[in-house]
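# Structure assessment
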Amino acid sequence: RLLAPRLPKAWGFLADGCSKTLNCQIPPKAAYEEAILLANKILEADSSLTYLRSLAAEWQVKIGHTDDALKNIAQAMLEQGCDSSCYVRGVITYYLIGAHANRQGDNKEYFSARAKSFEMLRKALASGYPAGELEQSPELGDLIYDPAFKKIILAGRKNG
């Protein structure tokens with residue numbers, strides 16, 4: 001292993017980096033799987049780590065484990081410790097689920113996931129996440145150009 005065995009975030013961030021480059025020593029899917037495995041072990045011992053759970057959901061959806069991602073992100077949102085960063089992981093997770101559904105031609109799932117993305121976006125902003133960072137997030141793809149996204153960001157700026 002290239003990384004310390006108990007650092008799921010390091011594996012997840014490695015996978016993110018490897019998914020954006022051609023010359024990576026490890027396949028992104030393998031790094032995401034390692035990150036998820038390590039995160040699950042940690043979450044078994046302490047299920048209240050909502051940010052880690054929300055990251056695991058994001059990693060799961062990136063490798064096509066949508067059902068597991070939905071379970072994890074829903075559980076993270078129910079925890080008291082879900083903060084603005086946790087909600088941002090929700091925005092990303094639901095955005096990715098919607099993008100996948102859109103590619104598959106599943107309009108119902110696409111619109112449902114998009115609505116959840118916007119719900120998480122409102123919660124992230126209400127919890128103090130900087131609007132400017134969200135507007136520049138490459139993880140949110142075309143969502144940042146959606147008029148509803150821009151409207152929520154503007155409302156968040158007025159309220160924040």
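The structure displayed is predicted, hence computed values, not measured ones.

## Concerning the overall build of the chain
When you go through the chain residue by residue, the secondary structure sums to eight helices and zero strands. Ordered by position in the sequence, the α and β elements of the chain form the string α-α-α-α-α-α-α-α. Computed over the C-alpha atoms, the radius of gyration of the chain is 16 Å, within 12% of the 15 Å expected from 2.2 N^0.38 for a compact globule of 160 residues. Taken along the three principal axes of its C-alpha coordinates, the chain extends 45 × 35 × 30 Å.

## Some thoughts on the state of the cysteines
A complete count under the given rule lists two disulfides for this structure. Here Cys-18 engages in a disulfide with Cys-24; their sulfurs sit 1.7 Å apart. Taking the relative accessible area as the measure of exposure, Cys-18 reaches 4% and is therefore buried. The disulfide partner of Cys-82 is Cys-86, and the S-S distance across this bridge is 2.3 Å. The disulfide joining Cys-82 to Cys-86 has a torsion of about -95 degrees about its S-S bond and is therefore left-handed. Each member of the pair Cys-82 and Cys-86 is classed as buried. Cysteine pairing for the chain, with bonded cysteines counted in sequence order: 1-2, 3-4.

## So, the packing of aromatic side chains
Applying the stated rule across the entire model yields one aromatic pair. Plain terms: the ring middles of Tyr-110 and Phe-111 are 4.9 Å apart, the flat faces sit at 70 degrees to each other, and that makes the pair edge-to-face. For Tyr-110, a relative accessible area of 12% puts it in the buried group. Residue classification places Phe-111 among the exposed residues on the basis of a relative accessible area of 54%.

## Details of the pattern of salt bridges
One pass over the full model with this rule turns up nine salt bridges. The network of salt bridges with shared partners includes Asp-16, Glu-58, Lys-62, Arg-89 and Glu-139.

## Here we look at the environment of Lys-20
Mapped onto the elements, Lys-20 comes out in the loop between helix H1 (8-18) and helix H2 (28-45). Separated by 42 residues in sequence, Lys-20 and Lys-62 have C-alpha atoms that sit 13 Å apart.

## Structural notes on the nonpolar core
Counting 31 residues, the largest nonpolar core has Leu-121, Leu-134, Leu-140 and Phe-149 as its most contacted members. Mapped by element, the contributors of at least two residues to this core are helix H3 (50-62), helix H4 (66-78), helix H5 (84-104), helix H6 (107-126), helix H7 (131-135) and helix H8 (147-159). Sort the elements by how many residues they give to this core and H5 lands first, with nine residues. Setting aside residues no more than four positions away along its own chain, Phe-149 makes contact with Phe-118, Leu-121, Leu-134, Glu-135, Leu-140, Leu-143 and Ile-144.

## A few points about the packing of H4 against H5
Taken N-terminus to C-terminus, the directions of H4 and H5 make an angle of 155 degrees; their axes are 10 Å apart at the nearest point. Between H4 and H5, the crossing angle belongs to the class labelled roughly antiparallel. When you trace H4 past H5, the crossing you get is left-handed. Along its contact with H4, which presents Thr-66, Ala-69, Leu-70, Ile-73, Ala-76 and Met-77, the element H5 presents Cys-86, Tyr-87, Arg-89, Gly-90, Thr-93, Tyr-94 and Ile-97. Looking at the contact of H4 with H5 residue by residue, the classes come out as nine nonpolar, three polar and one charged.

## Looking at H2
Given a rise of 1.5 Å per residue, 18 residues ought to cover 26 Å, and the 26 Å separating the end C-alpha atoms of H2 matches this to within 8%. Where H2 is buried, its residues touch H1 and H3.

What counts as what
Residues numbered from 1 in each chain as written. Predicted model: local features only at pLDDT ≥ 70, side-chain atom pairs only at ≥ 80, totals over all residues. Heavy atoms only, no water. Helix = DSSP H or I, 4+ residues; strand = E, 2+ residues; numbered from the N terminus. Rg over C-alpha atoms; globule rule 2.2 N^0.38 Å. Disulfide = S-S within 2.5 Å. Buried < 20%, exposed > 50% of the residue type's maximum accessible area, 1.4 Å probe, protein only. Phe/Tyr/Trp six-rings, centres within 6.5 Å; stacked < 30°, edge-to-face > 60°. Salt bridge = Lys/Arg side-chain N within 4 Å of Asp/Glu carboxyl O. Core = buried A, V, L, I, M, F, W, Y, C linked by side-chain atoms within 4.5 Å. Contact = heavy atoms within 4.5 Å. Axes fitted to C-alpha atoms, helices over the stretch in contact; angles between N-to-C directions. Parallel < 35°, antiparallel > 145°, perpendicular 65-115°, else oblique. Left-handed = near helix turned anticlockwise from the far one by under 90°. Nonpolar A, V, L, I, M, F, W, Y, C, P; charged D, E, K, R; others polar. Expected span 1.5 Å × (residues − 1).

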